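Inside the fold
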Amino acid sequence: MPADATAVTGNLTVTSQTSSGYLYVGPMPTNSPTSSTLNFPVGDDRANGVTVALGPGGALSITYVAPTSGKTAHAIFDVTGYFTPDMSGSTFVPLTPSRILDTRSGNGLSGPFICHSARMFQVAGRGGVPANALPSPAT
């Protein structure tokens, strides 16, 4: 498998949230993101397909944002593919979906996300993504 994956695709799911809000997923941690990846009301499991650049060491960051502090939410991420650079830009390599994050069971990270507290989880070397996948030079 190639060693130069720069981005991944996957399915991001929120569950057991104690407030409405949104999840942000990106290559770098930010406690107050200015954009959302997945918006949701309270008590409604929601999912969204995403493509996101890898961060340092082949990791991703997720932040839960709610209208008030102290709220929590669980997150799930199933990786479905990755991109490698080539002469035309990038090549997509599909993968059999693999759950690499489920905070309910401690897969990737343990415990729920707390509002406005970014957390990183490892992607490279998990679920078929090359172990030495790195962020793109622009990240």
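In the block above lies the structure referred to throughout.
Each chain has its residues counted from 1, following the order in which its sequence is written. Only residues with pLDDT of at least 70 get local features here, since the model is predicted, and only at 80 or more are side-chain atom pairs given and counted; chain-wide, interface and lining totals rely on the full set of residues. Hydrogens are left out, water is left out, and the side-chain values use all remaining heavy atoms of the structure.

Observations concerning unusual backbone geometry
- Unusually for a residue other than glycine, Ser16 sits at a positive phi of about 55°.
- Secondary structure elements follow DSSP: runs of H or I no shorter than four residues count as helices, runs of E no shorter than two count as strands, and numbering proceeds from the N terminus. Secondary-structure assignment places Ser16 in the loop between strand E1 (7–15) and strand E2 (21–26).

Details of the pattern of salt bridges
- What makes a salt bridge here is a side-chain nitrogen of Lys or Arg within 4 Å of a carboxyl oxygen of Asp or Glu, nothing more. The full count for this structure, using the stated rule, is 4 salt bridges.
- Between Arg99 and Asp102 there is a salt bridge whose closest N-O contact spans 3.9 Å.
- Think of it in three bands: with a 1.4 Å probe and only protein chains considered, a residue is buried below 20% of the maximum accessible area for its type, exposed above 50%, and partly exposed in between. Relative accessible area serves as the criterion here: at 41%, Arg99 is assigned to the partly exposed category.
- In this structure, the salt-bridge partner of Asp102 is Arg104, at a minimum N-O distance of 2.7 Å.
- Residue classification places Asp102 among the buried positions, given a relative accessible area of 6%.
- Three or more residues are tied together by salt bridges with common partners; here these are Asp78, Arg99, Asp102 and Arg104.

A word on the packing of aromatic side chains
- Working definition: rings of Phe, Tyr and Trp (its six-membered ring) pair if their centres are within 6.5 Å, and the pair is stacked with planes under 30 degrees apart, edge-to-face with planes over 60 apart, and tilted otherwise. Enumeration over the complete set of coordinates arrives at 3 aromatic pairs.
- Measuring from ring centre to ring centre gives 5.9 Å for Phe40 and Tyr64, while their planes differ by 20°; the resulting arrangement is stacked. Of this pair, Phe40 sits in strand E3 (residues 38–40) while Tyr64 sits in strand E5 (residues 59–65), and the two are 24 residues apart along the sequence. Across the pair, exposure class does not vary: Phe40 and Tyr64 are buried alike.

Notes on the pairing of strand E6 (residues 72–86)
- A strand pair is defined by DSSP finding two or more bridges across the two strands. Taken together, the 9 bridges between E1 and E6 define a ladder with antiparallel strand orientation. Bridge pairing in E6 links Ala7 to Phe83.
- Pairing of E6 with strand E8 (residues 113–114) involves 2 bridges; the strand directions are antiparallel. Looking across to E8, one finds that Thr72 is bridged to Ile114.
- Here E6 runs beside strand E7 (residues 89–102); their pairing, made up of 10 bridges, is antiparallel. Looking at E7, one finds that Phe77 is bridged to Leu101.
- Counted along the chain from E6 to the antiparallel partner E7, the turn is 2 residues long.

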